[in-house]
Amino acid sequence: MKEVGQFINSMAIQEDLVLNEAKMAVKPSGIKTSKHDDASYLCLCSDGKNISVNPSQLSRFSGYFSSLLHSEMKETKTKTVRLKLISSDILQLIINQLARCQKRREEGIEFLEKNQPSMRTLTEILDAADYLDIPILREVCDEFICRTTPVSKLTFEDLLVLNHKYSLTRLGQALVNYMSSHVREICSMEGWLAQLPSALLEDLLASNDTKVMSEWELVVLVEQWLRCGTAARSSDRDKHLEPILRHIRVPEIVRDHEESTVPEGLRPGILTYIMNEIKVYKADPKSYRALHPEQSNIRRPLDVVVSLGTHDSIPSMFFCLPVSYASLTDKDSASVETFRHKLQFSELRHSSFQLPVLCLREFSACSLNNILYIAGGQNSFSDSGQDALTYVFELDLADLRWTEVCQMKDPRCLFYLGALNGHLYAVGGINSTGELSTVERYEPFQDEWVYQAPLPYHIHEHAGCVREGCLYISGGHTGMGHTNAVSCLNPTLGEWVECAPLQCARSYHTMTAFKDQLFVIGGCSISSGEIINVQTCESYSITQNQWTTLETKFPSIYSAALTSFSSDDETVLCFGGYSFLKRHFDTFACIFYVEKGEWQVVPIRFADARMKEVVMTQVKIREKTCMQYFMSTATV
């Protein structure tokens, strides 16, 4: 215990911890004792020393002392507690640690950071926290370990043992995060696999961030995990096998055409389970996803772009053309030349299934659970939405086949379609009755649309985005003129809340979320009876409910009908755009560097000449982004 004693002696604390050698008792002043001595309990510690404590104070943190106060146990009557597994130094340390936690939890963590206890001391604290049932002490130690001991190849096994013994939540997540990027390394380390608990393995397979080239790599990991257990562990691990295998993404095996590339050496039980799941999924993919919604999450997001429009050789038919593109979130994207190279698109393959609609335009699109949805729109051009549609189609990006699903209740075009909490929301728009305020929510598994709380005004040509569980709508045209109104839908409350208005009324703009900000970029408005492009940009602070006009304007006159999304490298990316002056679409990528407040323009190169004039609408698939392109010859 010399090590623990040295740690306590080095503590910079205000309380005076004085050992009374004559009475062999200590009264720590970190948590105050009662004015009456008979209210104190005497704790007989494992090192033969005694500490006098106030059980009423400790019961606020400790389930053990709380039980003592409300029981007729011998210890309660004698007011003497024998702590055979806890030394006086550790108990003393815990009491002073709790004194800080009762003021502010962060102080308890800072206290440990300042004094840097050894791993041995931490394990003794954790043992005592378990024995005395003190959850906050476990949480503080958990946070401290994560801050001061990063998971690496050198520390992984020790931290794994620590987490297995104490079930520390934050440390467990840190271990899963490390494993998600080192699956092959984990497979080759028998010592690690022998210590790996089933709960962490299940969390690893359930994570969308686990980086593997094939889903079979995770199946092999499970196989290796079973082999590395002792005889006693193997029996226990077999019990957890099926719940773990449920997290293997069967649709991804089918999507990547890997049913026949089965790794060698898999035990019959694992192979039979996986192949049976593949068979069930292929028989009815939609029902399978309904029964297993977690299977819809993508572990390896697709990098595709979907072109929706009219084929040159078949002008009356709607078609789909996916093309690939390089990741736009690399750190070197600041280079114009590098960025231009990343935006060279190439055709992959045509979908064999054509939609039964003619020349669809002014529809909305978004993705949800690896399904791309398009809804509404018109099949002929009309200023007032006379030919607005209720059609809704879904494109399964695993096999590129279109399916018609339940139609919306209201025909609508020029509206916002967004994904929030596993549902689609169709907001506003226009049809033969005029501008709409109605809002509908689509339930994918029930295949039905349900009316939600309507907007407090009628609107079309507006923009929207989703952030922190809320849906935001901004700007648009009311039928009487452009508006600067901004509204927020909180699905939990089921009502729209008015936010601070835009500083510039506009429509046909784009809106995207970046951290705790919303950005509104470009659009159009009316000046002297003419439609003009708006190049001003605004940022909205969600916490302050305030809009600010950016000092730099959008760098192109093609500022209407843009698509935008935020990137991981502190940028907002905008694509395409329409100019009312030139009556023409363009294919540019405009990069906004949020920290610098600067724009950069990069041309986009398409392999297909038909994609020179396009309108772009963002469609996200998990964290990576797809964009939906559709041909348009009509003016916006």
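Residues numbered from 1 in each chain as written. Predicted model: local features only at pLDDT ≥ 70, side-chain atom pairs only at ≥ 80, totals over all residues. Heavy atoms only, no water.

- Looking up the protein chain in an unreviewed UniProt entry gives the name BTB domain-containing protein, with the organism given as Pomacea canaliculata.

## Some thoughts on the overall build of the protein chain
Step number 1: When you go through the protein chain residue by residue, the secondary structure sums to 20 helices and 36 strands.
Step number 2: Within the protein chain, residue pairs in contact and separated by at least 24 positions form 59% of the contacts whose partners lie at least 6 positions apart.
Step number 3: If you sum the accessible surface of the protein chain, you get close to 28300 Å²; carbon and sulfur atoms cover 50% of it. (Helix = DSSP H or I, 4+ residues; strand = E, 2+ residues; numbered from the N terminus. Contact = heavy atoms within 4.5 Å. Areas by Shrake-Rupley, 256 points an atom, 1.4 Å probe, with all protein chains shown as cover.)

## Quick word on the sheet that holds strand 24 (residues 517–521)
Step number 1: Strand order in the open sheet formed by four strands is 23-24-27-28, and the pairing between neighbours is antiparallel. The open sheet terminates on both sides in strands that have one partner only, identified here as strand 23 (510–514) and strand 28 (546–549). On average, each strand axis in the sheet is inclined to that of its neighbour by 25°, with strand direction left out of account.
Step number 2: Taken together, the five bridges between strand 24 and strand 27 (residues 537–541) define a ladder with antiparallel strand orientation. Bridge pairing links Ile521 to Cys537 in strand 27. (Pairing = 2+ DSSP bridges. Axes fitted to C-alpha atoms, helices over the stretch in contact; angles between N-to-C directions.)

## Here's the deal with the sheet that holds strand 21 (residues 486–490)
Step number 1: The strand order across the open sheet built from four strands is 19-20-21-22, with neighbouring strands paired in antiparallel fashion. With one partner strand each, in any of the chains shown, strand 19 (463–467) and strand 22 (495–498) form the two edges of the open sheet. Adjacent strand axes in the sheet meet at a mean angle of 25° when their direction is disregarded.
Step number 2: Relative to strand 22, strand 21 runs antiparallel, the two sharing four bridges. Residue pairing for strand 22: Ser487 is matched across the bridge by Glu498.

## Some words on the packing of aromatic side chains
Given two aromatic rings, their pairing is described by the distance between the two centres and the angle made by the two planes.
Step number 1: Per the counting criterion, the structure on display carries 15 aromatic pairs.
Step number 2: With 5.9 Å between their ring centres and 65° between their planes, Tyr373 and Tyr442 make a pair best called edge-to-face. Here Tyr442 lies in strand 17 (residues 439–443) and Tyr373 lies in strand 10 (residues 371–375), a separation of 69 residues in the sequence. Exposure class is identical for Tyr373 and Tyr442. Each is buried.
Step number 3: Members of the aromatic cluster, connected to one another through ring pairs, are Phe514, Phe519, Phe554, Phe592 and Trp599.
Step number 4: Across from the ring centre of Tyr593, 5.8 Å away, lies the NZ or CZ of Lys596, which sits over that ring. (Phe/Tyr/Trp six-rings, centres within 6.5 Å; stacked < 30°, edge-to-face > 60°. Buried < 20%, exposed > 50% of the residue type's maximum accessible area, 1.4 Å probe, protein only. Lys NZ or Arg CZ within 6 Å of the ring centre and 35° of its normal.)

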